[in-house]
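Each chain is listed here by its residues.
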Amino acid sequence: MLALSDFGDQSLYKEGCCPLPPPPALSSLPSPSLPHPPPGLVPTSTSSSPSPSTPASSRAASRLAPEAPPSPAKAFPSAPPLPMCSCRPAGRWLPVVFVLALIGWCYFVFTVDILLPDLRSSDPSTHSYGQATTIAFNILLSLALLSMARAVFTEPGRIPDSWIVGAEDSEVGAFLPQLQTLETKHDGTRRICRKSKPNMYKPDRAHYCRMLGRCVLKMDHFCPWLNNCIGFFNHKFFVLFILYMAALTIYMVAVMTPVFVRHVSSLEQVTLDFKEEFRVSLTYLMLCLLATGLTAFFGFHAYLVCTNYTTIEFLEKRGCSPPPDHVNRYDTGLWNNVTSVLGENPLVWLLPTRWSCEGDGLSFKLNPAWFPSCKIK
């Protein structure tokens, strides 16, 4: 088992990591017993075998030589996010339709039974209150629906063709990006998605999504309510969707509470409109449940964003009772963790757009507290 610094391979030190150590001289390299040379070092062809009298360090230096940097023309660029295909099985759209129907019902009741009476009031203060309430309600609703649409129809992230198993023998995979991954299987071998056709090496934090039938970059989870997998390119939209839905339900509960109390206190009056009472009471109780659940759900995902976990990583590696020596390799500080999802510019954090969002979903900044202990197996 060899440490990364043993070979001085600076290509494995990803951006934002600890300072790079100076590469050791080739003459000081130990004779490795690896099934394949480490990244950045390739075997050199020799016409004759070294003499038995040659020192071991010289024989290691003759077998391993620094690999020449690839030509920019041969480097295969990362695949941009593709438009998400909407041709998914029709049955999986039922939860999305249910969410839209629920939003439509709440919109109808809140507008007809809460907002319109205030807007039609002859009292100037009540009318002004109704106008302000209507504007705030529609702004929150618009942002929630736009975030939902972006989360549903944005491609979560595909593995580029250069990661196909065997592409390292062709020009498309000349720079061997799959050799620079840090996550391995339990036996120390590289992670390969064998369910995808063709088989592909898995980048760090990528996982296979059974619903989409392929691997997704920085996969968080598959959301049935959005009928899409949450990955690197639509993670921000998902977080904003649950944020705005939680804020919207809390706002509606706050506005409806006085009306609900007034209706409940006048149940014995004969002149009540029982249809209106039923609509308001049912919607109010439903919004209370939704506000509680969405607030808790957003709090959990806000914690994941602030600590740079995905849902899969939290469940598989950390859990509720992490081991004492557990270190999140991707936790690079609160600011870096948040900007990796919401973008570098705080002015657009709350907008459903990927302006100022950086990265390609293939490599990530690493926690300096974890990286020095990284090993190549």
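The structure presented is a predicted model; accordingly, all values stated were derived computationally and were not measured. Counting from 1, residues in each chain are numbered in the order their sequence is written. For this predicted model, a pLDDT threshold of at least 70 governs which residues receive local features, and a threshold of 80 or more governs which side-chain atom pairs are given and counted, while totals over whole chains, interfaces and linings are taken from all residues. Heavy atoms from the whole structure form the basis of all side-chain values; hydrogens and water molecules are not counted.

**Quick word on unusual backbone geometry**
Phi at Lys218 is positive, roughly 45 degrees, even though this residue is not glycine. In DSSP terms, a helix is any run of H or I states spanning at least four residues, a strand is any run of E spanning at least two, and both are numbered starting from the N terminus. Along the chain, Lys218 turns up in the loop between strand E7 (214–216) and strand E8 (221–223). The phi dihedral of Asn227 is positive, around 55 degrees, even though this residue is not glycine. Examined against the element boundaries, Asn227 turns out to sit in the loop between E8 and strand E9 (228–230). Classification of Asn227 by relative accessible area gives buried; the value is 1%. A 1.4 Å probe rolled over the protein chains alone gives each residue an accessible area, and that area as a share of the maximum for its type sets the label: buried under 20%, exposed over 50%, partly exposed in between.

**A short note on the UniProt feature "transmembrane region" (unreviewed entry) in the protein chain**
UniProt positions are given in the numbering used here, feature names are shortened, and annotations may be inferred rather than shown by experiment. With numbering matched to this structure, UniProt assigns "transmembrane region" (unreviewed entry) to residues 93–115, 135–153, 237–261 and 281–305. For residues 93–115, the end-to-end C-alpha separation is 31 Å, with 96% helix and 0% strand making up the annotated structure. For residues 237–261, helix accounts for 100% and strand for 0%, while the C-alpha atoms at its two ends are 36 Å apart.

**Regarding the environment of Pro117**
For Pro117, the location among the structural elements is in helix H2 (residues 94–119). Sequence separation between Pro117 and Gly130 is 13 residues, and the spatial gap between their C-alpha atoms is 8.2 Å.

**Topic: the confidence of the model for the protein chain**
pLDDT measures the predictor's confidence residue by residue and takes values from 0 up to 100. When the pLDDT values of the protein chain are averaged, the result is 77; 68% of them are 70 or greater. Across the protein chain, the element-wise mean pLDDT spans from 38 in strand E10 (residues 375–376) up to 97 in E9. In the model, residues 1–83 has pLDDT below 50 throughout and makes 118 contacts with residues more than four positions away in sequence or in other chains. By definition, residues are in contact when any of their heavy atoms lie within 4.5 Å.

**Things to note about the packing of aromatic side chains**
Pairing of aromatic side chains here covers Phe, Tyr and the six-membered ring of Trp, requires ring centres within 6.5 Å, and sorts the geometry by plane angle: under 30 degrees stacked, over 60 edge-to-face, intermediate tilted. One pass over the full model with this rule turns up 14 aromatic pairs. An angle of 40 degrees between the planes, with centres 6.3 Å apart, marks the rings of Trp105 and Phe108 as tilted. On the criterion of helical spacing, the pair formed by Trp105 and Phe108 is a turn pair, its members being three residues apart in helix H2. Owing to a relative accessible area of 40%, Phe108 belongs among the partly exposed residues under this scheme. Linked through ring pairs, Phe232, Phe233, Tyr330 and Phe364 together constitute an aromatic cluster. By the criterion adopted, a ring carries a charge over it if an Arg CZ or a Lys NZ lies within 6 Å of its centre and within 35 degrees of its normal. Directly above the ring of Tyr330 sits Arg205, whose terminal nitrogen or CZ lies 4.1 Å from the centroid. The positively charged end of Arg205 is found above the aromatic ring belonging to Phe364, 5.0 Å away from the centroid.

**Comments concerning the packing of H2 against helix H4 (residues 235–265)**
Close contact between H2 and H4 brings their axes to 12 Å; oriented N to C, the two are set at 35 degrees. Crossing angle aside, the handedness with which H2 passes H4 is left-handed. On the side of H2, the interface is formed by Ile103, Cys106, Phe110 and Ile114, while H4 contributes Met245, Met252, Val255, Met256 and Val259. Charged means Asp, Glu, Lys or Arg here, nonpolar means Ala, Val, Leu, Ile, Met, Phe, Trp, Tyr, Cys or Pro, and polar covers whatever is left, Gly included. Residues of the contact of H2 with H4, tallied by class, amount to nine nonpolar, no polar and no charged. Structural elements are reduced to axes, namely lines fitted to C-alpha atoms, with helices fitted over the stretch in contact, and the angle between N-to-C directions of any two is expressed from 0 to 180 degrees. If you view the pair so one helix is near and one far, a crossing is left-handed when the near helix is turned anticlockwise from the far one by less than a right angle, and right-handed when it is turned clockwise.

**Some thoughts on the nonpolar core**
Within the largest apolar cluster, 43 residues are counted, with the highest numbers of intra-cluster contacts made by Phe110, Phe137, Met148, Leu226, Phe238, Met252 and Met256. Of the residues forming this core, the biggest block, 16 residues, is contributed by H4. The residues contacting Phe238, other than those within four sequence positions of it, are Ala151, His221, Cys223, Leu226, Ile230, Phe297 and His301. By nonpolar core is meant a set of buried Ala, Val, Leu, Ile, Met, Phe, Trp, Tyr and Cys residues that side-chain atoms within 4.5 Å join together. Trp163, Met200, Ala206 and Trp370 belong to the second-largest nonpolar core, a separate cluster that totals 16 residues.

**Re helix H3 (residues 124–153)**
In this analysis, the expected span of each helix is defined as 1.5 Å times one less than the number of residues it contains. Over its 30 residues, H3 runs 43 Å from end to end, which matches the ideal 44 Å to within 8%, given 1.5 Å per residue. Looking at H3, one finds that the buried residues are Gly130, Thr133, Thr134, Phe137, Leu140, Leu141, Ala144, Ser147, Met148, Ala151 and Val152. On its buried face, H3 sits against H2, E9 and H4.

**Re the state of the cysteines**
Disulfides are defined as pairs of cysteine sulfur atoms found within 2.5 Å of each other. Under the criterion given, the structure shown has zero disulfides. Among the cysteines around Cys209, which has no disulfide bond, Cys229 carries the closest sulfur, lying 3.9 Å off. Relative accessible area serves as the criterion here: at 1%, Cys209 is assigned to the buried category.

**Let's talk about the environment of Asp360**
Within the fold, Asp360 resides in the loop between helix H7 (334–342) and E10. Judged by relative accessible area, Asp360 falls into the partly exposed class, the value being 25%. Residues Asp360 and Leu217, spaced 143 residues apart in sequence, show a C-alpha to C-alpha distance of 8.8 Å. Identification of polar contacts relies on pairs of N or O atoms within 3.5 Å, with a donor-acceptor requirement for protein atoms, meaning one able to donate a hydrogen and the other able to accept it, and with residues adjacent in sequence counted only if both atoms are side-chain atoms. Within the structure, the side chain of Asp360 is placed 3.0 Å from the backbone nitrogen of Leu362, a separation counted as a polar contact.

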